[in-house]
Structure formats: C-alpha cells, structure tokens
There are 4 protein chains.
Amino acid sequence: MQHTYRLVVACPDRVGIVARVSQFVAEYKGWLIEASYHSDPQTGWFFMRNEIRADSLLISLREFRAAFADIASDYQMEWSLRDSTKRKRVVILASLASHCLADILYRWHSDDLYCDIPCVIANHENLRSMVEWYDIPFYCIPVGKERKAEAYTKMLALIQQHDADCVVLARYMQIIPSMILDAFSNNIINIHHSFLPSFIGANPYQKAYDRGVKLVGATCHYATEKLDKGPIIEQDVARVDHRHSRDDMVRLGKDVEKMVLARGLRYHLEDRVIVHDNKTVILG
Amino acid sequence: MQHTYRLVVACPDRVGIVARVSQFVAEYKGWLIEASYHSDPQTGWFFMRNEIRADSLLISLREFRAAFADIASDYQMEWSLRDSTKRKRVVILASLASHCLADILYRWHSDDLYCDIPCVIANHENLRSMVEWYDIPFYCIPVGKERKAEAYTKMLALIQQHDADCVVLARYMQIIPSMILDAFSNNIINIHHSFLPSFIGANPYQKAYDRGVKLVGATCHYATEKLDKGPIIEQDVARVDHRHSRDDMVRLGKDVEKMVLARGLRYHLEDRVIVHDNKTVILG
Amino acid sequence: MQHTYRLVVACPDRVGIVARVSQFVAEYKGWLIEASYHSDPQTGWFFMRNEIRADSLLISLREFRAAFADIASDYQMEWSLRDSTKRKRVVILASLASHCLADILYRWHSDDLYCDIPCVIANHENLRSMVEWYDIPFYCIPVGKERKAEAYTKMLALIQQHDADCVVLARYMQIIPSMILDAFSNNIINIHHSFLPSFIGANPYQKAYDRGVKLVGATCHYATEKLDKGPIIEQDVARVDHRHSRDDMVRLGKDVEKMVLARGLRYHLEDRVIVHDNKTVILG
Amino acid sequence: MQHTYRLVVACPDRVGIVARVSQFVAEYKGWLIEASYHSDPQTGWFFMRNEIRADSLLISLREFRAAFADIASDYQMEWSLRDSTKRKRVVILASLASHCLADILYRWHSDDLYCDIPCVIANHENLRSMVEWYDIPFYCIPVGKERKAEAYTKMLALIQQHDADCVVLARYMQIIPSMILDAFSNNIINIHHSFLPSFIGANPYQKAYDRGVKLVGATCHYATEKLDKGPIIEQDVARVDHRHSRDDMVRLGKDVEKMVLARGLRYHLEDRVIVHDNKTVILG
C-alpha cells in the first residue's frame, strides 16, 4: 500500500478551486497519484479528493494541515486530510446473524480491508468463538426491553474506550439511539437487507416475497435518526423468481448484503465518501 | 419457429397431476419439447407448462381441448391450450415518449417478437410517422380532463375492433379505467419506470434522484385497479452515481425499461406467465 | 430441508418418456415437488430431474431403484436416484489462497451448503488453523517437482479413505493427474479465475490486465484431462476499468470466484447438473 | 446541453501537471464543471480530462489553443481541445444485420447521442429504407472477392467527402483495409459479438454455443490491423443456459451488442477515451 495523504474537500463551487488547491500541493512538490472532482449543478457545491504521495511532499502532514487552513477558510471548505497508512479503527456491532461479520473479519484478516478492528460488540453470545479466533476482543451487551439506556451507555463507553473512528452495524438489527448516532455522525455504517427505499423496517425479505419482486437487494447507508433514510453509500441486487421461498431470498440476499457492505465500508475507509444533503458523493 | 401446442395449467396440488397429464399427451403420441412444473408449498398450488410438437399429435387442437376437459375438471384446473403459430394480437398504447414503442416495433419487425400489432393508439400525434413506417395503423385519442369516459369508450371499442388479445402500455402514463382493465384482465402489460415497490406513481426518476439511490430500475407488471401494485413479470436495474443528473437517470432508465418490457412481453406471448395471488409464475 | 428422492435421467429423446416416468412415480403415490425437463434438439437427447417427497412414496428407495431399472433399460437411460438427506461427502483441495476455501467452509458451517466435508488437503500448511477451527481434519501433502506420482497416490488414497463423493479444487492450482480424474469423473469441481475460454492456464489476471478487458470473470467447471476445457457449470463477471491494477483485479476477482464456485457446488450437491457432450444441463 | 470546452491530455507523469493546467484555466477564469485525472504507475503516464464552461472563459477556443501550446510542449503532452457543441461526424458502415444500426439511429434521432450522421454505407441494399426514413443518405458499396481495393477506395473517398470524424462498424463484418484504418486511427469503432479475447474471428455465437458458456458477451473496441485485438472500450455480458440454442444466443447477444456499442460510442463522442499502449483510459 502506497503511503499517501488524502485531501478531501467540499465547498460552494466557484472558479479556481482546483487551481488554488493543486498549486498549493505543487508548491510543496506534492505528486498527485489520484484526483477526482465533482461539481454539482443542482446544489452549487464542489467536491474534491486528492491523493498525494507522502514521500514527494516537502512538508509534514501537520504543516500541510496548518498551511492549508487559510485556503480552506477562503473557500469555506469542509475538509479533511488523512494519512493513508493510519488505519481507521472500526468497531463492529452484531447480533445473531454471522454473515456480514464473518465477511468483514475475513477480508480484514486477508488484508483486503485496511483498518483495525479493536473489538466486536454483540447482543448475543453465539459469535464469540468466531471473533476470538481472529484475536479480536468480543463483548456481549444484551439489549432487553428494559434498561435499554443503560445498555447503550455502556456500549458507547466501550466504543469510545476502543478509540473507534467508525462503527459498522453488521446486521445489528436494533435502532441505534441518538446518543451514539451523535457521537459518530456520518461514521455509522448500516447494511439494510432490501433495496431501499423498498421495504423499510422489519422483515424486508418477507415483504419482498409477498410482493413477488424479481430482484432482492441490499443497501449500505449511514445510519441517521430516521430509520433506513440515511445517505446511501452502495446498493446491489440479485435475481429471484417464483421458485424461491422466503428462505431462499434470505440466503441469496446474504451474499448481496456482504458484498454491498464490504464495498461501502471500503469506500469509507479510503476516504472516498462525502455526505451532502443526505446523499453521498463517492470519489473514485 | 417450431409448431407446437402449449398446455398451461394451474390447479390445487396433489399426487399424480404430471402423470395424468403426460399420460394423456403420450396416449395421442404427443412429443414434449419443453415442460416445466412448479409446486408452491406456500399456496398449495401446482403450475405446469407443456410444449408439444404439433406434428406428433394424433388429434387436432380442438379434439385435444375437448378430450382434456375431463381431466381439467377432475383436477379443478385453470388451463389454456394454444397453438404457437397463432400470433397474439397486441395493441400498443403510447404517449409522447417513443423508446418503449420504438423498441417493440423494431423487435416485432425483426421477427424477434412473435405477435401481430394490429394498431397503435396514442394520446398525441408525434409518433405517427414512426408507426406508419411499419405499416401499422396509428390512432390518436387525446385524453383530456374532460370527456375522459368518452375517450376511453372509444379506445376500448378500437381495441376490440382490432381483435386484441392483449394490450401493452408502452409508457402510456395514464391510469387505465376499470372498463378496459376488466375487458383484458391479466392481459394488460405495463412498464413502470422504477424498481417497484420503490417510487410508486409519478416522477419516479426525480424521486430516485432525490433519494440518492445507486441503482435505477424498471418493472414490467400486469395493470390492475391498484396503481403500480399488479403482479410483477420482470424487473431490472442499472447503476447510477452522484455524477448522474435526473436527466441522466431518465436516459439510463430508458434502456432498462425497454429491456424489461421486451422480456416481460416475450414471456407473455410465449404463454409462460401464470398469475396467482397477485404474483407471477414464469415457466421457463 | 424437505426429505425427497431425486430422480435424474438422461436418455435419447422420444415420445412418452415423461408419461412413463411420471406414471411410475404416481403409481407409488409419489408427490412431485419439483420437476424440470429439457429436450435438446441439437443432440436428440432428453434430460429430466424429478424431486419426489419421500413421505409420499409407498416404496423404499431401494425398491424404487429396483422397480425403475426396467424403465431405465427400455429407454437406455443414464440415471441416478438419490436421497436428499444423504449428504454428499466433499473433499476440498487447497493451496495457499484461502478465499474459496474460507467461503465454502463458512457456507457449510452456516448450513447454506448441504454436505459433509470429511477433510481438507492442501499442499501448504498455512490454512491449517482456519480449517481446524471448523473441526475438519487438515492434511498437508506437498507436491514438489519430484515424486509427484507418489504424492498423488497418497492423496487419492486419502480421498478414498474419507469416502468422498466429490472433490472441490478450491484454487488448488495444480494439474490433477488422470489417476484422480478417472476415479472421480464428473465429480471434480474446479474454479478457474477467468471467464473461460479467455485466459486459459496460468496468470489469467495478468493476462486480463495486459489485454485491457473491462470485465474480469471466473468459471466453475468439471476438471477433465484437457486443462480448463471441461464442462462449464457456472460463470460470472465483475466490472473493472483503467484505474484497477492487476492486484485490484485479483481482489475483485476473488469475490467472483467464491460466488461462482459456491453456486456451481450447490447445483452439484442438489443433483441438478447433468454432463453431456462436454456441456452441462442444469435443471433448476 | 451545456456549452463547454473539453481539454484532454496524456503525458509522462511528473509533479505539478494538474497545478500548471488548472492554473492556466483559472487565469482565464475557466470554470471546471468536470475533471478526472488518472495516473498510471505501470506506464508512468498521466491522463487528464477537464470540462470547462465556455461562457466562463475570457478567451476564445482558438486563443486557448494557442496559449496552451507552450504548456503542452513543456510537458510533452498529447492533447486535444474540443468544443462540446461541435457535433462529431460519424459515418456508419453496416451489412445485413440491422440491430446496431437501428439502435444508433434511434438514439441519435432521440438526441441521446450527440453527433451528426452524414451517411450510412452498407454492402447490401436491405437497410436503405430504414436509413432514409431518418433523412440520412444511404450508399451501397458491395464488396465482392474481386475488386476489393476499388470498393474500399470508393468507400474511403465517400467517408472523406462526408467529412467524417469517426467511423462506426455497426456489425459491418468485413476486415477493414489499412488504407482506411490509417486514415482514421483510433477513430474506427467496432462492435465484436463476443466477450474478447474469447471467440476471436467468425461465428462467435456458434463457438460460444459449442463451448457451453453460461454468459455471452460483446466488445466495443477500436479497430486496428490485428483482427479483434484493438483497444477495448466497453464490454458486457448476458446470461444464457442449456435451454438456449445458438439462435437464442444470437438474439440475446444482439441486445448486449447494441448497449455496448452505444455506451462505447458515447464515451468516444464525449472525448472520454484516451488510447495508450493498446488499452483505453475512460475518464468519467
């Protein structure tokens, strides 16, 4: 993996942004190995992602950040600058179903997902041995109807103790309270087991079966206060027909969920996703 | 195209249906070139499609039909027997948009869709010359806010004069009145420009754009009283991203609509579709 | 999982096969829950798969087999009759790469693949702990340039001791000798990491990269004497573009390989695959 | 359609290219509405496409071109600057098959393909009336075994008289002579009816059928001296199975061919394709 700095910017669009930023980068001999820009005529915003070879830059990340602040202020930028070799810390929340969790752990273990997984938190015990095989701490926090707030307070503390940058809901199946959503805004990634906005809420495969659809889907999105209405990162579908029972749809859907979540998480880890106006810009 | 008889059956499931039917066919030396059966554990129904070489049968279609009636009655079958060389007569309703109509006409003209198209009826004049190039009669019946019933009465008369077996709504964009729906139950094929049940009703691409979905879709279904809720025949999707405007989604969606409608219509023309319980069984 | 008997037949086509077979089944009160037939005009052969509820049949599997032998002989059938609850025994061969092996083990462990996995044999040690976590015996048989025959003799003995019904080459990457191919004809399933017949042999991703293709693929096929030329069971592709390095293609391809192998293996385990004329008929 | 200038560049990679170019653009108040950059570590080349609002620029296209020449020379750029409102002139060559031609004409007529089509040249007469309905001149130049050179000389003259920018081989099915290839290097777009490099040459569907593949594909590429070996612009596939005859594959493949050619041609018309090292970079 090449050592780069990733400069990600969103700001109101106007003439000269690319010039100004790229001139700044060039001044310090920064070598761009990847750059994507998007100008949205609808909202009048501009989005940009630059990936700069770390070894080419004359200044440190810290100095870059300090020097860039003036430009950022001139252009009213929302921006971030990250070191590609600094692994994001991803806490995974799971429930009974193992497929999304197993898939992420496998990819992480095979170096296909560049991140740290400081711990997994589940509301059941059944996935403990799988997680521990990977030498990842496993915590079980049951969330009953009573004492919910207490459970989530404990969970948030645990996530923060593990210094999480983001949280993945690997089919966690519980509504996340504001307390946690607020602490990790645009950093909580959920996988919903339908092609949103079809089949919001519980039992989407049963609903898909009942409606007689010919494709089942999955949606990776950032969790927000509004259930299943957060910014969509990635979606995909698989073909089904009249021969497929609800259980077959669940089975086929699991593969779609895994793939969609893995792709969405990868975009997030590579700092490719910008959220604007409850939508995502994904800079490839 | 091979000359066959297509025997399509739906009935409550029980032991011996295939045996009884195939024995009947074999008795008259019928050679099956295609056969698909589906047993639905959920509803307890059985579905079957047999395609029999016409030249192998010792009896005529008429005699077959008469002789089979007893079996059909024993097993409480809903059934049909059709001659594959008898082209279904498809009346197409269109509005301003040409893509679905042009696609069907082209496929028909290239012998890729085996049917007759006795006429096209539109509520605007703009597609006349395209239709007439194919030597197909074109009728314009404007449907204003007033005198709607009158217009639809005229339309139904025209459809019936042309001896239609089925009606295709090639982006006709108007709600079809019961009078016509009843006359062609399960024989009115609509294309909806979204992946149903997402984005029911008007302006689905705008809604898809606003929601920030990563795939746009189309749905071919039988029109029923309930808007966009009829049995789904076929669906498909195309990938979009943040760079696509609403107009780009419309453009990409048009290709999906054409393909999905063409496939759905083909299944219908080949007597592959059985409607049961507001879903379709499509016997391949 | 429903307890059924699966009757799979291939024979020269003629009138009355379905009638004769289904009458036989009905005579013993066999309830068909699934049936697919295919008649191939090119070769003049007929293929059939019937799935019969075990609890509906008046006779045992053994008696069924004995009684059916006469029909089979009359029609020169190649046929098999299997109990769906009898798990096939699948020995997996692996090398260094873990993705296909890990995927199969996970699906098996989640009851998504109905089979037994009596052991895994690899030519390296690196996957031992993963396999043993599933309580599956792991054997390492290195295959050097010398003493190849000896190694394969040992391997065949091991496979046979474990009573294998079939063998999966989960990216085993070695050419399988005739000795083993012959012992498990049409029961050795390979996954090739390209869309065959493109890029036969070694390093297909490098070749795909060099050619500048816009899709990479994978092919699941039965291994035969001719390298990468056996009957194809399943294929799929993933989109790539100029931004993808060879390593990216490898990464994206791994997901395609896993999916394609899992689907192909499932068809095989469900007795859906008939090999004829170096092609497969897959009765859905 | 927005009026823009498209600046497309390929050059050896080094620090500061984006800075230099974007500074140049900004100096003349050019507003970037789209920009994509690609740096290829394998070849050490850099590729860039900038789309600049024409109404924002202080200078004319001509002045821009003159002023930019210095930068281009400094960085050893291969480059082009085009006015988006200047339609490329596309001459289409066709043979008997109509599907690709009909699809392009329809898209052009619906304003979905932004170009002029000064004429269609075919080696048969059968498509004349379809072409003439669109008010496009149709020429028939039969190419027999004898007098081939004469026919192609006439064809090249015709293409040049019509001031073509590029040539589309809409299933033209003849090998194009060097004389024409050289005159339109990287501007002759072919559609091959297979997923290259599978099934090079004649009768790819027959070969696909014989091999028993589970997907059929199509490839849009620039024609070069080496048959079916030119730089690939776009590819796609469609699923087939044992029920599909060779003719079914042809039918399903036609839809893939049309879609792939239309997408490839669109990329070309929008100046998104850069050819380097017999591959394409497609700047989205």
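Rules used throughout
- Residues numbered from 1 in each chain as written.
- Chains lettered and ligands numbered in written order.
- Predicted model: local features only at pLDDT ≥ 70, side-chain atom pairs only at ≥ 80, totals over all residues.
- Heavy atoms only, no water.
- Helix = DSSP H or I, 4+ residues; strand = E, 2+ residues; numbered from the N terminus.
- Rg over C-alpha atoms; globule rule 2.2 N^0.38 Å.
- Buried < 20%, exposed > 50% of the residue type's maximum accessible area, 1.4 Å probe, protein only.
- Contact = heavy atoms within 4.5 Å.
- Buried area = accessible area lost by both parts, 1.4 Å probe.
- Salt bridge = Lys/Arg side-chain N within 4 Å of Asp/Glu carboxyl O.
- Nonpolar A, V, L, I, M, F, W, Y, C, P; charged D, E, K, R; others polar.
- Polar contact = N/O pair within 3.5 Å; in protein donor to acceptor, adjacent residues only side chain to side chain.
- Least-squares fit on C-alpha atoms with pLDDT ≥ 70 in both.
- pLDDT = per-residue confidence, 0-100.
- Pairing = 2+ DSSP bridges.
- Axes fitted to C-alpha atoms, helices over the stretch in contact; angles between N-to-C directions.
- Expected span 1.5 Å × (residues − 1).
- Parallel < 35°, antiparallel > 145°, perpendicular 65-115°, else oblique.
- Left-handed = near helix turned anticlockwise from the far one by under 90°.
- Phe/Tyr/Trp six-rings, centres within 6.5 Å; stacked < 30°, edge-to-face > 60°.
- Lys NZ or Arg CZ within 6 Å of the ring centre and 35° of its normal.

Asks: Which parts of the structure should I look at to understand the overall build of chain A?
Replies: Along the backbone of chain A there are 8 helices and 14 strands. On C-alpha atoms alone, chain A measures out to a radius of gyration of 20 Å, which is about the 19 Å that the 2.2 N^0.38 rule sets for 284 residues. Taken along its principal axes, the extent of the C-alpha atoms in chain A is 60 × 40 × 35 Å. For chain A, the proportion of its 284 residues judged to be buried stands at 61%. A separation of at least 24 residues holds for 67% of the contacts in chain A among residues at least 6 apart in sequence.

Asks: Explanation requested: the interface of chain A and chain D in the structure shown.
Replies: The accessible area lost on association of the parts is a frequent measure of interface size. Between chain A and chain D, the residue contacts involve 17 residues of the former and 17 residues of the latter. Summed over both partners, the interface of chain A with chain D buries about 1500 Å², with 67% contributed by carbon and sulfur atoms. Contact with chain D buries surface across chain A, with Val15(A), Trp31(A) and Tyr37(A) losing the most and accounting together for 34% of the total. The interface formed by chain A and chain D contains 0 salt bridges. Listed by contribution, the elements that provide at least two residues to the side of chain A that touches chain D are helix H1 (17-27) and strand E2 (32-40) of chain A. Classifying every residue of the side of chain A that touches chain D gives 9 nonpolar, 5 polar and 3 charged.

Asks: Help me understand the interface of chain A and chain B in this model?
Replies: With 34 residues of chain A at the contact, the number on the chain B side is 34 residues. Both faces considered, chain A and chain B share a buried interface measuring about 2800 Å² in area, 52% of it formed by carbon and sulfur atoms. The three residues of chain A that bury the most area against chain B are Arg211(A), Lys214(A) and His242(A), which together make up 25% of that side's buried surface. In this structure, the connection of chain A to chain B is made through 4 salt bridges. When residues of the side of chain A that touches chain B are traced back to their parent elements, those giving at least two are E2, helix H7 (204-211), strand E12 (232-239) and strand E14 (279-282) of chain A. Broken down by element, the side of chain A that touches chain B gets its largest block of residues, 7 residues, from E12(A).

Asks: Just to check I follow, could you spell out the side chain of Glu51(D) for this structure?
Replies: All names here are of chain D. By the secondary structure assignment, Glu51 is in strand E3 (residues 45-53). A polar side-chain atom of Glu51 sits 3.2 Å from a polar atom in the side chain of Arg6. Residues in contact with Glu51, not counting those within four places in the same chain, are Thr4, Tyr5, Arg6, Trp31, Leu32, Ile33, Glu34 and Arg272.

Asks: Just checking my understanding: could you explain the relation of the copies chain A and chain B for this structure?
Replies: Relating the two copies of this chain is a rotation about some axis coupled with a shift parallel to it. Mapping chain A onto chain B leaves a residual RMSD of 0.0 Å; the transformation is a rotation of 180° accompanied by 0.0 Å of translation along its axis. Such values leave the two copies arranged in the relation of a two-fold axis. In terms of proximity to the rotation axis, the leading residue of chain A is Ser198(A), whose C-alpha is 2.4 Å off the axis. Looking at the interface residues of chain A, 100% of them are also at the interface in chain B, so both copies use one shared face.

Asks: Would you mind showing me how to read the confidence of the model for chain A here?
Replies: The predicted structure's coordinates, where accompanied by low pLDDT, should not be read in detail. Put simply, chain A has an average pLDDT of 96, and 100% of its residues get 70 or more. Scored as a complex, the prediction yields pTM 0.97 and ipTM 0.96.

Asks: When you look at the sheet that holds strand E3 (residues 45-53) of chain A in this model, what are you seeing that I'm missing?
Replies: Paired through their backbone hydrogen bonds, the strands of a sheet run either parallel or antiparallel. With antiparallel pairing, 8 strands are arranged side by side in an open sheet as E4(A)-E1(A)-E3(A)-E2(A)-E2(D)-E3(D)-E1(D)-E4(D). A single partner strand is all that each edge strand has here, and the edge strands are strand E4 (78-83) of chain A together with strand E4 (78-83) of chain D. Averaged over all pairs of adjacent strands, the angle between their axes in this sheet comes to 10°, without regard to strand direction. One ladder, built from 9 bridges, connects strand E1 (residues 4-12) of chain A with E3(A); its direction is antiparallel. Bridge assignment links Tyr5(A) to a residue of E3(A), and that residue is Ile52(A). The strands touched by helix H1 (residues 17-27) of chain D within the sheet are E2 of chain A together with strand E1 (4-12), strand E2 (32-40) and E3 of chain D, with E3(D) carrying the most contacts at an inclination of about 20°.

Asks: Would you take a moment to explain the environment of Leu81(C) for this structure?
Replies: Residue and element names in this part refer to chain C. You can see Leu81 is positioned in strand E4 (residues 78-83). With a relative accessible area of 4%, Leu81 lands in the buried category. Along the backbone, Leu81 and Met249 are 168 residues apart, and their C-alpha atoms lie at a distance of 42 Å. Excluding anything up to four places from it in sequence, Leu81 contacts Tyr5, Arg6, Leu7, Leu61, Phe64 and Arg65.

Asks: What should I look at first to understand the sheet that holds strand E2 (residues 32-40) of chain B in this one?
Replies: In spatial order, the strands read E4(B)-E1(B)-E3(B)-E2(B)-E2(C)-E3(C)-E1(C)-E4(C); together these 8 strands make up an open sheet with antiparallel pairing. Of all strands in the sheet, those bounded by a partner on one side alone are strand E4 (78-83) of chain B together with E4 of chain C. Neighbour-to-neighbour, the strand axes of the sheet open up by a mean angle of 10°, direction not taken into account. Relative to strand E3 (residues 45-53) of chain B, E2(B) runs antiparallel, the two being bridged by 8 bridges. Residue Tyr37(B) lies in a different strand from E3(B), and its bridge partner there is Met48(B). Docked against the sheet, helix H1 (residues 17-27) of chain B engages strand E1 (4-12), E2 and E3 of chain B together with strand E2 (32-40) of chain C, running at close to 20° with respect to E3(B). Across the face of the sheet, helix H1 (residues 17-27) of chain C comes into contact with E2 of chain B together with strand E1 (4-12), E2 and strand E3 (45-53) of chain C while running at roughly 20° to E3(C).

Asks: Would you explain helix H2 (residues 61-74) of chain C in this entry?
Replies: Turn by turn, an α-helix covers 3.6 residues, leaving residues three or four places apart pointing in a common direction. All names here are of chain C. Over its 14 residues, H2 extends 20 Å from the first C-alpha to the last, a length consistent with the 20 Å expected when each residue adds 1.5 Å. Along H2, the residues classified as buried are Leu61, Phe64, Phe68, Ile71 and Ala72. Those residues of H2 that are buried are in contact with E1, H1, E3 and E4. Just beyond H2, the residue with positive phi is Gln76, at close to 50°.

Asks: Please explain the packing of H7(A) against helix H8 (residues 246-269) of chain A as it appears in this structure.
Replies: Two quantities define a packed helix pair, namely the angle between the helix axes and the distance between the axes. All names here are of chain A. Between H7 and H8, the shortest axis-to-axis distance is 9 Å and the interhelical angle comes to 120°. Here H7 lies oblique to H8, going by the angle between them. Along this stretch, H7 crosses H8, giving a crossing that reads as right-handed. When H7 is examined against H8, the residues Tyr205, Gln206, Ala208 and Tyr209 are found in contact with a partner set consisting of Arg246, Met249, Val250, Gly253, Lys254 and Glu257.

Asks: Can you walk me through the packing of aromatic side chains in this structure?
Replies: Two aromatic rings are characterised by how far apart their centres lie and by the angle between their planes. Residue and element names in this part refer to chain A. Using the criterion set out here, one finds 40 aromatic pairs over all chains in the structure. Counting every residue linked through ring pairs, the aromatic cluster contains Phe24, Tyr28, Phe64, Phe68 and Trp79. The ring of Tyr114 has Arg87 lying over it, and the distance from NZ or CZ to the ring centre is 4.0 Å.

Asks: For this particular structure, what's the right way to read the packing of helix H3 (residues 99-109) of chain B against helix H8 (residues 246-269) of chain B?
Replies: Residue and element names in this part refer to chain B. Two elements in contact, H3 and H8, have axes separated by 9 Å at closest approach and are oriented at 45°. Taken together, the axes of H3 and H8 are oblique relative to one another. Note on packing geometry: the crossing formed by H3 with H8 is right-handed. Of the residues in H8, those touching H3 at His99, Cys100, Asp103, Ile104 and Arg107 are Lys254, Glu257, Lys258, Met259, Leu261, Ala262 and Leu265. Of the residues in the contact of H3 with H8, the class split is 6 nonpolar, 1 polar and 5 charged.

Asks: Would you mind showing me how to read the side chain of His221(C) here?
Replies: In this structure, His221(C) sits in strand E11 (residues 215-222). Apart from the residues within four sequence positions on either side, His221(C) is in contact with Ile188(C), Ile189(C), Asn190(C), His192(C), Leu196(C), Asp228(C), Gly230(C), Pro231(C), Ile232(C) and Ile233(C).

Asks: What exactly am I supposed to notice about the pattern of salt bridges here?
Replies: Pairing is possible between side chains that carry opposite charge, provided their charged atoms lie close to one another. Summed over the entire model, instances satisfying the criterion amount to 104 salt bridges over all chains. In this structure, the salt-bridge partner of Asp241(A) is Arg243(A), at a minimum N-O distance of 2.6 Å. A residue is classified by how much of its surface remains accessible, and Asp241(A), at 21% relative accessible area, is partly exposed. When its relative accessible area of 43% is taken as the criterion, Arg243(A) is described as partly exposed. Its salt-bridge partner being Arg107(B), residue Asp255(D) comes within 2.9 Å of it at the nearest N-O pair. Here Arg107(B) lies in helix H3 and Asp255(D) lies in helix H8 (residues 246-269), a pairing that spans two chains.

Asks: Even after reading the chapter, I still don't get the environment of His276(C), so can you show me in this structure?
Replies: Residues and elements named next belong to chain C. Looking at the secondary structure, you find His276 in strand E13 (residues 273-276). Classification of His276 as buried rests on a relative accessible area of 17%. Here the alpha-carbon distance between His276 and Thr43, two residues 233 residues apart in the chain, equals 9.3 Å. If we ignore the near neighbours within four places in the chain, the residues touching His276 are Thr43, Trp45 and Phe47.

Asks: Got a minute to help me understand unusual backbone geometry in this structure?
Replies: The bulk of non-glycine residues show a negative phi, and the bulk of peptide bonds are trans. The step from Leu196(B) to Pro197(B) runs through a cis peptide bond, and the omega angle for that step is 10°. Structurally, Pro197(B) is set in the loop between strand E10 (188-192) and helix H7 (204-211). The phi torsion at Asp271(A) lies on the positive side, around 55°, for a residue other than glycine. For Asp271(A), the location among the structural elements is in the loop between H8 and strand E13 (273-276). A positive phi angle, close to 55°, is found at Arg147(B), a residue other than glycine. Mapping Arg147(B) onto the fold places it in the loop between strand E8 (138-140) and helix H5 (148-161).

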